[in-house]
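Overview (structure and organization)
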Amino acid sequence: ERAKVGVNSLTMDYELTQKANERAKEIALYFSHTRPDGNNIKDTLKVDGENIAAGLPTAKDTVDDWMDSTGHRENILNSYYKSIGVGSYTTENGMMYWVQVFSSKKATNTTIMTGSIKKTNEFVKYDTKYLKNIVIQDLKTINRTLNIGESYTIKSFGIQNSGWKSATVYTTINNTNATFKSSNEKVATIDKNGTIKGVAAGEVEITVTFAGKSATYKIKVLSEEDKITRVSLNKSSIDLKVGEEKELVAKVYPESITTNNLIWTSSNEKVVTVDKNGKVIAHSKGSADITVTTSNGKSTTCFVRVEEENIPITDIYLKEYITNLYVGDKATIQVQVTPTNTTETLNYTSLNSKVVSVDKYGNIKAIGQGTAEITVSSKYLKEVFLVTVKNKKVEEKLPVEETHPKEENKPTIIPIEKVDLNYREKTIKVGEKFKLLASISPTNTTESTKVSFACSTINCYKIASISSDGEVVGVAAGEVEITAFVGSKTATCKVKVEAVNEVESISFPTVPSNLHPNEVRKIDVVIMPWTAKVANSLTWTSNNEEVITVNNGILFTHSKGTAVITVTAANGVSNSITLTVD
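Structural notes, computed from the coordinates. (Residues numbered from 1 in each chain as written. Predicted model: local features only at pLDDT ≥ 70, side-chain atom pairs only at ≥ 80, totals over all residues. Heavy atoms only, no water.)

Attention shifts here to the overall build of the protein. A tally of regular secondary structure across the protein gives five helices and 50 strands. Taken across its 582 residues, the protein has 38% of its residues classed as buried. Of the accessible surface of the protein, which amounts to about 32700 Å², a share of 46% is contributed by carbon and sulfur atoms. (Helix = DSSP H or I, 4+ residues; strand = E, 2+ residues; numbered from the N terminus. Buried < 20%, exposed > 50% of the residue type's maximum accessible area, 1.4 Å probe, protein only. Areas by Shrake-Rupley, 256 points an atom, 1.4 Å probe, with all protein chains shown as cover.)

We now examine the sheet that holds strand β38 (residues 452–455). Strand order in the open sheet formed by four strands is β35-β42-β41-β38, with mixed pairing between adjacent strands. Edge positions in the sheet fall to β35 (425–429) and β38, since each has one partner strand and no second. Averaged over all pairs of adjacent strands, the angle between strand axes in this sheet comes to 30°, irrespective of strand direction. Inspection of the sheet shows β38 paired to strand β41 (residues 478–486) by four bridges, in the antiparallel sense. Within β41, the position partnered with S452 by the bridge is F485. (Pairing = 2+ DSSP bridges. Axes fitted to C-alpha atoms, helices over the stretch in contact; angles between N-to-C directions.)

Attention now goes to the side chain of T375. Among the secondary structure elements, T375 is positioned in strand β32 (residues 370–377). If we skip the residues at most four places from it in the chain, T375 touches N347, Y348, T349, K382, E383 and V384. (Contact = heavy atoms within 4.5 Å.)

To continue, consider the pattern of salt bridges. In this structure the tally under the stated criterion is 17 salt bridges. A salt bridge links R424 to D420, with the shortest nitrogen-to-oxygen separation between them at 3.5 Å. Through salt bridges with shared partners, one network takes in E22, R23, E26, R35 and E50. (Salt bridge = Lys/Arg side-chain N within 4 Å of Asp/Glu carboxyl O.)

For the rest of this paragraph, the subject is the environment of F556. Mapped onto the secondary structure, F556 falls in strand β48 (residues 554–557). Taking C-alpha positions, F556 is 9.8 Å from S232, a pair spaced 324 residues apart along the chain. Leave out the neighbours within four places in its chain, and F556 touches S236, E519, V520, V547, I548, T549 and N551.

Alignment of strand β11 (residues 179–182) against strand β14 (residues 202–210), held across four bridges, turns out to be antiparallel. Paired with T179 across the two strands is T209, which belongs to β14. Note: β14 against strand β15 (residues 213–222), nine bridges, orientation antiparallel. Of the residues in β15, the one forming a bridge with I206 is Y217.

Roughly 570 Å³ of volume is contained in the second largest pocket. Going through the elements one at a time, β16 (230–233), β19 (250–253), β24 (299–307), β47 (548–551) and β48 are the ones with two or more residues in the lining of the second largest pocket. If one sorts the elements of the lining of the second largest pocket by residue count, β16 sits on top with four residues. When its residues are assigned to classes, the lining of the second largest pocket shows eight nonpolar, 12 polar and six charged. (1 Å grid on protein atoms, 1.4 Å probe; cavity = no way out; pocket = protein on both sides within 12 Å on 5 of 7 lines; lining within 4 Å. Points joined across faces, edges and corners; volume = space filled by probe spheres on them. Nonpolar A, V, L, I, M, F, W, Y, C, P; charged D, E, K, R; others polar.)

Our next topic: helix α4 (residues 70–77). Given 3.6 residues per turn, any residue in an α-helix points the same way as the ones three and four places further on. Those residues of α4 that sit buried are N75, I76 and L77. Here the buried face of α4 lies against β2 (49–54), α3 (59–67) and β4 (96–103).

On the surface, a cluster of negative charge is made up of E244, E307, E308 and E309. Tracing the chain through its elements places E308 in the loop between β24 and β25 (315–318). By relative accessible area, which is 47% here, E308 ends up partly exposed. (Patch = residues over 30% accessible without salt bridge, like charges linked within 9 Å, V, L, I, M, F, W, Y side chains within 5 Å. Lys, Arg positive; Asp, Glu negative; His and termini not counted. Charge placed at Lys NZ, Arg CZ, Asp CG, Glu CD.)

Reading across the sheet, the three strands line up as β18-β22-β21 and stay open at both edges, with antiparallel pairing between neighbours. Strands with a single pairing partner mark the edges of an open sheet, and in this sheet they are β18 (245–247) and β21 (272–274). Sheet twist, expressed as the mean angle between neighbouring strand axes with direction ignored, is 20°. Two strands pair when backbone bridges link them, and β21 and strand β22 (residues 279–282) are joined in this way by three bridges, in the antiparallel orientation. Bridge pairing in β22 links T273 to I281.

The omega angle of the peptide bond from T338 to P339 is -5°, so this bond is cis rather than trans. Among the structural elements, P339 can be located in the loop between β28 (335–338) and β29 (347–350). The linkage connecting S441 with the following residue, P442, adopts the cis geometry, with an omega of -10°. Topologically, P442 is positioned in the loop between β37 (438–441) and β38. Of note, the phi angle at N518 is positive, near 65°, even though the residue is not glycine. When you line up the elements, N518 lands in the loop between β43 (505–507) and β44 (520–522). A residue is classified by how much of its surface remains accessible, and N518, at 69% relative accessible area, is exposed.

In this section: the packing of aromatic side chains. This structure, assessed with the given rule, holds three aromatic pairs. Between Y80 and Y81, the aromatic rings sit 6.2 Å apart at their centres with planes inclined by 55°, giving tilted as the arrangement. You can call Y81 buried: its relative accessible area is 5%. A network of ring pairs unites the aromatic residues Y80, Y81 and F102 as a single cluster. (Phe/Tyr/Trp six-rings, centres within 6.5 Å; stacked < 30°, edge-to-face > 60°.)

Below, the structure written as structure tokens:
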């Protein structure tokens, strides 16, 4: 630029370059041609002129900016100047500061200095009137926690200027006259060198004072419970009936930590409540989340579903059988159930709605001539009766001359006398089946010979199933009674269901892959033989619960690592699978 206007070029001077770098650091603290200690640059640095800039990313950008400024341009093109020094400084946040210093004297040392000063601990002299704030560098960047007995020394703090808010120049503690104070020395102490030591669990404020300015930071001294990384429950979900109770067990990690400071809460206390020991009590139908939280805020949840208590009907008693109606007649089935506090409802059906209709309340209406079978049933029991519907009776006028009524040709009714089954007792295995066949005597009965079946044992369906055509299938070990109904006659078969083979093998049809922390996956198993009784008898374990926990085949991943998942049947047969969380 000087050559363009015919002015001699400037020579780089080593001492001037040192001064320029010193000034670059000073303007980061106090952006002014006056030095931070209040002195004038011409008097103290023995220079004749100075250009300063901040925030531009490169030297070229800075020179271009100076050339667009009258005062800066005059310095650069001043023919009186013979030598120059150039310096720069980069703060912790990446802010660049640039300086040119000029002298009318010729350069005495032309050794070239390169690079900029960055993050130096060299102390900058200043007048306290220019001090805006101080910042403890270490306490801003570290986690600000200590264990009991652990020490940490503050290495440096920063001085912020009043003229350029983004600048922070750091200096070491040992080079200052700073003072230190702890708000509670029972929690943490700090000595004259800035060394903090944890004494007891709690929070404390550390105050650093320098040149009349103070900075205060909170330090937390960790208790054992503060080191808890997570908490788990023995169940991820449970199903309860109204009035039932279930205790949840919490475990904290690392397992070496013992704590009683757990907080239990329910998201819906109208449905379930939970006490301080994790005991859950079901109050009404619905669902809620039970959450356990540690003193340092780690938590986990169990989903609870509550159903009404199931009280089955154990007996159906018809107070009277409605057997004969005329077209258009109406009646109500009078029925009594045991127990009276049952949660079940009765179902009413007609097998011939063109003859008799019945609604859900047991109200009957005679529709047309004929016979219909009416069934009153619960989940496990039923009562059946026949209703015969006739046209309304019309009285006929007899001839006067006739002294004896005509003999009516009434049809002969042959009632059912007996019903038998092909089995009165039968033993089968779980999964086996057989068919009940009814024989009716006499065979020439004029009554309906339709056969219906029902199980008279409570929870019969859990032991054996019975189809409408009499096929019986063993479901689980136990004994039931199955009754055949033909009109008002019945016959009963006692069925004994025996357990089949114990579990012989357990296998994993698929292997969960691509597992990552904080996922929930389902793992399936195949039990052989398929008829083996395994309901609620499989035990799932993990050999590394910090990586994976398992509950009823549901995997919960927590952190990276490997865990062996084992499933075991009640008879000891087991199988394992190794899973990796990436």
